[in-house]
Amino acid sequence: MGTATAEQLKAIQSFAEFYPIYLGEHANRTCRRLHFVGSTLALVCLAMLLISGRPQYLLYGLLCGYGFAWIGHFVFEKNKPASFSRPLYSFMGDWVMYKDLWTGRIRF
């Protein structure tokens, strides 16, 4: 599946419709791995926020999650992250893909 245009992404009516396109935008294995690392680090930052109560961990988590993902897209996948046009569905897709990577549904 190729890169979806902003108009195609905006026309999507449900997450079920969005997720196959999202996966097509993550065909590059290194991109998926960078997403996985960023999401894992974001979870660690969330745990640190809850344990320490220090709000900077929220910023660190966002930087880790989006930083690793955007490097994956711009450097390896060579596309624009869907979070620019469909931020909620993209955020949901990140965590569904994370689960799918853990469970083996998607190749790591």
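Residues numbered from 1 in each chain as written. Predicted model: local features only at pLDDT ≥ 70, side-chain atom pairs only at ≥ 80, totals over all residues. Heavy atoms only, no water.

Regarding the overall build of the protein
- Within the protein, the secondary structure is distributed over five helices and zero strands.
- With the C-alpha coordinates aligned to their principal axes, the bounding extent of the protein is approximately 40 × 25 × 25 Å.
- Across the 108 residues of the protein, 40% fall into the buried class.
- If you take every contact in the protein between residues at least 6 apart in sequence, the share linking residues at least 24 apart comes to 64%.
- Carbon and sulfur atoms make up 69% of the accessible area of the protein, which totals about 6400 Å².
- Considering the protein, the positive charge centre built from 11 side chains and the negative charge centre built from 6 side chains are found 8 Å apart. (Helix = DSSP H or I, 4+ residues; strand = E, 2+ residues; numbered from the N terminus. Buried < 20%, exposed > 50% of the residue type's maximum accessible area, 1.4 Å probe, protein only. Contact = heavy atoms within 4.5 Å. Areas by Shrake-Rupley, 256 points an atom, 1.4 Å probe, with all protein chains shown as cover. Lys, Arg positive; Asp, Glu negative; His and termini not counted. Charge placed at Lys NZ, Arg CZ, Asp CG, Glu CD.)

Some points on the nonpolar core
- By size, the foremost hydrophobic cluster in this structure holds 15 residues, and its most contacted members are Leu 9, Ile 12, Phe 18, Tyr 19 and Met 97.
- Looking at this core, the elements that each hand over two or more residues are helix H2 (15–24) and helix H5 (87–103).
- For Ile 12, the contacting residues outside a window of four places in its chain are Glu 17, Phe 18, Ile 21, Arg 86 and Tyr 89. (Core = buried A, V, L, I, M, F, W, Y, C linked by side-chain atoms within 4.5 Å.)

Observations concerning empty space enclosed by the protein
- All chains considered together, the criterion is met by one cavity of 30 Å³ or more.
- Roughly 60 Å³ of internal volume is contained in the largest cavity.
- Taken together, Tyr 22, His 26, His 35, Tyr 66, Ala 69, Trp 70, His 73, Pro 81, Ala 82, Ser 83, Ser 90 and Asp 94 make up the full set of residues lining the largest cavity.
- Every element with two or more residues in the lining of the largest cavity is listed here: helix H4 (56–77) and H5.
- Considering each element in turn, the lining of the largest cavity owes the most residues, four residues, to H4.
- In the lining of the largest cavity, the residues fall into six nonpolar, five polar and one charged. (1 Å grid on protein atoms, 1.4 Å probe; cavity = no way out; pocket = protein on both sides within 12 Å on 5 of 7 lines; lining within 4 Å. Points joined across faces, edges and corners; volume = space filled by probe spheres on them. Nonpolar A, V, L, I, M, F, W, Y, C, P; charged D, E, K, R; others polar.)

Topic: the packing of aromatic side chains
- Taken as a whole and judged by the stated rule, the model has 16 aromatic pairs.
- For the ring pair Phe 18 and Tyr 22, a centre distance of 5.9 Å and an interplane angle of 45° mean the geometry is tilted. One end of the pair is Phe 18 and the other is Tyr 22, both in helix H2 and four residues apart, which spans about a single turn.
- Through a chain of ring-to-ring contacts, three or more aromatic side chains come together here, namely Phe 36, Phe 91, Trp 95, Tyr 98, Trp 102 and Phe 108. (Phe/Tyr/Trp six-rings, centres within 6.5 Å; stacked < 30°, edge-to-face > 60°.)

Concerning the pattern of salt bridges
- Going through the model one piece at a time under the given rule, you end up with two salt bridges.
- Taking the shortest distance from any N to any O, the salt bridge between Asp 100 and Lys 99 comes out at 2.8 Å.
- For Asp 100, a relative accessible area of 1% translates into the label buried.
- A salt bridge links Arg 105 to Asp 100, with the nearest nitrogen and oxygen atoms 2.8 Å apart.
- Connected through salt bridges with shared partners, the residues Lys 99, Asp 100 and Arg 105 form a single ionic network. (Salt bridge = Lys/Arg side-chain N within 4 Å of Asp/Glu carboxyl O.)

Some points on the confidence of the model for the protein
- Averaged over every residue, the pLDDT of the protein is 93; the share at 70 or more is 97%.
- Looking over the protein, one finds the lowest element-wise mean pLDDT in helix H1 (residues 6–11), namely 78, and the highest in helix H3 (residues 29–52), namely 98. (pLDDT = per-residue confidence, 0-100.)

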